[in-house]
Amino acid sequence: MAEIIGVRFKNMGKLYYFDPDGHRFERGDMAVVETSYGMECGEVVLVNRDVAESDIIKPLKKVVRPALPEDVQRAKENAEKEKKAFEICQEKIAAHKLEMKLVNVEYTFDNSKILFYFTADGRVDFRELVKDLASVFRTRIELRQIGVRDEAKMLGGLGICGRPFCCSQFLSDFQPVSIKMAKEQGLSLNPTKISGSCGRLMCCLKYEQELYEELLKVTPKVGAIVNTKEGKGVVTESNLLTGMLKVTLDKTPDSPPIIVNLRDIKVIKDSQIKIEQDEAEELLHLEDE
């Protein structure tokens, strides 16, 4: 077992483990640690605890120190500098007439580098912009192109459910989400119903997918041929969560379908959930590139 703390460097960013090196931390404390970008000051969101050696990536770096008042002050000053740098970079982007959208700016804790995050439809030649920014800030400049999901995570907002974006509230990493998930969950494949503000499939499609996959193993799908107490028929509607099915009987094809419970039928031949080619092409842009 190894003792760790979990530190996060930006709002809902990735969680990193560090060796507390004998220090005791409370949730919300600030700690100065060494990262691949140099010294950083982050918030402790996971307090001292023991985890299995297999759950950590070695070597586990040690905390440099609990944040001092001057460290916290520097972090606040950097936040103010970031606002100013954002304005300056926007002006420079306009001056260079670049097709890119600035999303966020971050100063490293020791001010040795400034990171500018942006989105763009394609590749952008920003070499002259970097030179221009370096001449203004007199430090290392790094421009990073990010995706629309990362943009939504950084900026935050309200989803169609009326709640703040999951990605900006509690999701540390994005999970793959596919059109197949929406189809298996019986959702309308209307882009406005299954996509988030970022224009990609909603992250919440992933939450219940494991349950739906289990239910699909035992529930006949639409088009399945089944035997009921009233005779053989075809499943025309299936509710995975309640286990209730609508079945059109072969002997009365023009009559309304009967409603039966999953436990009261026997599957003769199951069907498959298919996504039509035109549907797939129309919705492909909703999946991650």
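Residues numbered from 1 in each chain as written. Predicted model: local features only at pLDDT ≥ 70, side-chain atom pairs only at ≥ 80, totals over all residues. Heavy atoms only, no water.

Caption draft 1: Structural detail: the side chain of Thr219. With respect to the helices, strands and loops of the structure, Thr219 is situated in the loop between α7 (209–218) and β9 (225–228). Within polar-contact distance, the side chain of Thr219 engages the backbone oxygen of Leu215 at 2.9 Å. (Helix = DSSP H or I, 4+ residues; strand = E, 2+ residues; numbered from the N terminus. Polar contact = N/O pair within 3.5 Å; in protein donor to acceptor, adjacent residues only side chain to side chain.)

Caption draft 2: Molecular detail of the state of the cysteines. Evaluated as defined, the whole model comprises zero disulfides. Here Cys166 stays free of any disulfide, with the sulfur of Cys204 as its closest cysteine sulfur at 5.9 Å. (Disulfide = S-S within 2.5 Å.)

Caption draft 3: Summary view of the sheet that holds strand β10 (residues 231–238). Read across the sheet, five strands follow the order β12-β11-β10-β9-β13 without closing on themselves; strand pairing throughout is antiparallel. Either end of the sheet is taken by a strand with one partner, and the two such strands are β12 (258–261) and β13 (266–269). Pairs of neighbouring strands in the sheet enclose a mean axial angle of 45°, with direction left out of account. Taken together, the four bridges between β9 and β10 define a ladder with antiparallel strand orientation. Across the sheet, the residue bridging to Ile225 is Val234, located in β10. (Pairing = 2+ DSSP bridges. Axes fitted to C-alpha atoms, helices over the stretch in contact; angles between N-to-C directions.)

Caption draft 4: Representation of the nonpolar core. If you look at the biggest cluster of nonpolar residues, it comprises 19 residues, and the most contacted ones within it are Met100, Phe116, Leu133, Phe137 and Leu143. Ranked by residues supplied to this core, first place goes to helix α1 (residues 69–96) with four residues. If near-sequence neighbours (up to four positions away) are discounted, Phe116 is found in contact with Ala85, Cys89, Leu102, Asn104, Val105, Leu133, Phe137, Ile141, Glu142, Leu143 and Arg144. Ranked by size, the runner-up nonpolar core spans ten residues in total, among them Met181, Ala182, Leu205 and Leu286. (Core = buried A, V, L, I, M, F, W, Y, C linked by side-chain atoms within 4.5 Å. Buried < 20%, exposed > 50% of the residue type's maximum accessible area, 1.4 Å probe, protein only. Contact = heavy atoms within 4.5 Å.)

Caption draft 5: Region of interest: the pattern of salt bridges. If you walk through the whole model with that rule in mind, you get 14 salt bridges. Note that Lys62 is salt-bridged to Asp21, the shortest N-O span being 3.9 Å. With Lys62 in the loop between β4 (38–51) and β5 (63–66) and Asp21 in the loop between β2 (16–18) and β3 (30–35), the pair connects residues that are 41 residues apart, well separated along the chain. Here Lys62 falls in the partly exposed class, since its relative accessible area comes to 48%. (Salt bridge = Lys/Arg side-chain N within 4 Å of Asp/Glu carboxyl O.)

Caption draft 6: Just the environment of Tyr16, in detail. Relative to the helices and strands, Tyr16 is located in strand β2. Sequence-wise, Tyr16 and Gly42 are 26 residues apart; in three dimensions their C-alpha atoms are separated by 9.8 Å.

Caption draft 7: Structural view of helix α3 (residues 148–155). Burial in α3 covers these residues: Arg149, Glu151, Ala152 and Lys153. In the stretch just after α3, Gly156 is the one whose phi turns positive, near 75°.

Caption draft 8: Representation of the packing of aromatic side chains in the model. Per the counting criterion, the structure on display carries five aromatic pairs. Between Phe9 and Phe18, the ring centres sit 6.3 Å apart and the planes meet at 90°, which makes this aromatic pair edge-to-face. Classification of Phe9 by relative accessible area gives partly exposed; the value is 29%. Phe18 gets classed as buried once you look at its relative accessible area, which sits at 6%. (Phe/Tyr/Trp six-rings, centres within 6.5 Å; stacked < 30°, edge-to-face > 60°.)

Caption draft 9: Quick look at the packing of α1 against helix α2 (residues 127–137). For the pair α1 and α2, the least separation of the axes is 10 Å and the interaxial angle reads 140°. Taken together, the axes of α1 and α2 lie oblique to each other. Here the hand of the crossing between α1 and α2 comes out right-handed. Along its contact with α1, which presents Ala85, Ile88, Cys89, Lys92, Ile93 and His96, the element α2 presents Glu128, Leu129, Asp132, Leu133, Val136 and Phe137. Split by residue class, the contact of α1 with α2 holds eight nonpolar, one polar and three charged. (Parallel < 35°, antiparallel > 145°, perpendicular 65-115°, else oblique. Left-handed = near helix turned anticlockwise from the far one by under 90°. Nonpolar A, V, L, I, M, F, W, Y, C, P; charged D, E, K, R; others polar.)

Caption draft 10: The sheet that holds strand β1 (residues 2–8), seen in detail. The five strands lie next to each other as β2-β1-β4-β3-β5, forming an open sheet whose pairing is antiparallel. This sheet does not close on itself; its edge strands, each paired only once, are β2 and β5. For this sheet, the mean angle separating the axes of adjacent strands, direction not counted, is 45°.

Caption draft 11: Summary view of α7. Gln209, Tyr212, Leu215 and Leu216 are the residues of α7 that are buried. Considered in projection along α7, the buried side chains sweep an arc of 120° and stay on one side of the axis. Set apart from the buried face of α7 by more than 90 degrees, the exposed residues are Glu210, Lys217 and Val218. Along its buried surface, α7 packs onto α5 (179–184). (Arc of directions from axis to C-beta.)

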